[in-house]
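Chain residues, written in single-letter form:
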Amino acid sequence: VQEQMSEKRFRHVLVVQKAAVELAKQYGTDVEKASIAGLVHDYAKERPDEEMIALIKQHGLSKEIIDFGNNIWHGMAGWILVRDELGINDPEILRAVEIHTVGAKEMTSLDKIVYVADYIEENRAFPGVERAREIARVSLDEAVKYETKGTLQFLIENEKAVYPQTIETYNAWVVNERMEKFDK
Ligand SMILES: [Fe+2]
Ligand SMILES: [Fe+2]
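My aim in this report is to walk through the structure given alongside it, one point at a time. (Residues numbered from 1 in each chain as written. Chains lettered and ligands numbered in written order. Predicted model: local features only at pLDDT ≥ 70, side-chain atom pairs only at ≥ 80, totals over all residues. Heavy atoms only, no water.)

**Observations concerning the overall build of the protein**
Okay, so step 1: When its secondary structure is counted, the protein shows 10 helices and zero strands.
Okay, so step 2: Taken from the N to the C terminus, the helices and strands of the protein come in the order α-α-α-α-α-α-α-α-α-α.
Okay, so step 3: C-alpha atoms of the protein, sized along the principal axes, occupy 50 × 35 × 30 Å.
Okay, so step 4: By the burial criterion, 47% of the 184 residues in the protein qualify as buried.
Okay, so step 5: Counted over contacts in the protein with a minimum sequence separation of 6, partners at least 24 positions apart contribute 61%.
Okay, so step 6: When the accessible surface of the protein is split by element, carbon and sulfur atoms take 49% of a total near 10000 Å².
Okay, so step 7: Across the protein, the centroid of the 24 positively charged side chains sits 4 Å from that of the 33 negatively charged ones. (Helix = DSSP H or I, 4+ residues; strand = E, 2+ residues; numbered from the N terminus. Buried < 20%, exposed > 50% of the residue type's maximum accessible area, 1.4 Å probe, protein only. Contact = heavy atoms within 4.5 Å. Areas by Shrake-Rupley, 256 points an atom, 1.4 Å probe, with all protein chains shown as cover. Lys, Arg positive; Asp, Glu negative; His and termini not counted. Charge placed at Lys NZ, Arg CZ, Asp CG, Glu CD.)

What follows is the structure in structure tokens.
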């Protein structure tokens, strides 16, 4: 993993791994899987665009992905490199890597842990990160909700493209409760 990225990114990866292990212990999830998933989650982040586009085409992934750039590719397609180059075949780990940036409508505890660990790791310093850490100490689901809302707000404020699955995640994790209240 270290050979695949800059020193700075590797430092990020190591603290995501650490945060993932802490969350896994706290929430009673497989610590080893959380550790490995944290370690490999950004494995493909520094791959050249041409290589990632070729990978996406070769594996017949949705063409819509190509418009979004490596912020989306390194997860949605990067898991394939984790599998093929690192020999990690555990579907739960690969899935957590796949959706670590965009989330999903349905997420396992491991998915949530990697998603949240990436957001709250100790070197993050964006507004709201301390609140995200507090929430993560109390509820993993609430942490997913807070992060999803924050991510979408950030994308909109910066006029950045929103990947459709990010909206699905938002609808599932942020909106649902309110819709249930309206139903009653
Ligand atoms: Fe990432
Ligand atoms: Fe990351």
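From this point on, the discussion continues.
**So, the coordination of the iron ion (ligand 2)**
Okay, so step 1: The coordination sphere of the iron ion (ligand 2) contains the protein donors H12 (NE2), H41 (NE2), D42 (OD) and D118 (OD), at a distance range of 2.2 to 2.3 Å.
Okay, so step 2: Bound by four donor atoms, the iron ion (ligand 2) shows angles of 82 to 172 degrees at the metal and therefore irregular coordination geometry.
Okay, so step 3: Within one chain, the residues donating to the iron ion (ligand 2) are spaced in sequence as H-x28-H-D-x75-D.
Okay, so step 4: Here the iron ion (ligand 2) and the iron ion (ligand 1) are spaced 3.4 Å apart, linked through D42, which binds each one. Separated by 77 residues along the polypeptide, H41 in the loop between α2 (31-40) and α3 (49-58) and D118 in helix α7 (residues 109-120) bring together distant segments of the chain. For the residue pair H41 and D118, the accessibility class agrees, reading buried in each case. (Donors = N, O, S within 2.8 Å, 3.2 Å for Na, K, Ca; no water. Tetrahedral: all angles 85-135°; square planar, octahedral: opposite > 155°, others 65-115°.)

**Examining the packing of aromatic side chains**
Okay, so step 1: Under the definition given, this model contains two aromatic pairs.
Okay, so step 2: Ring geometry for F68 against Y163: centres 4.9 Å apart, planes inclined by 90 degrees, an arrangement best described as edge-to-face. With F68 in the loop between α3 and α4 (70-76) and Y163 in the loop between α9 (140-157) and α10 (164-183), the pair connects residues that are 95 residues apart, well separated along the chain. (Phe/Tyr/Trp six-rings, centres within 6.5 Å; stacked < 30°, edge-to-face > 60°.)

Bear in mind that shape data such as this cannot, by itself, settle questions of function.
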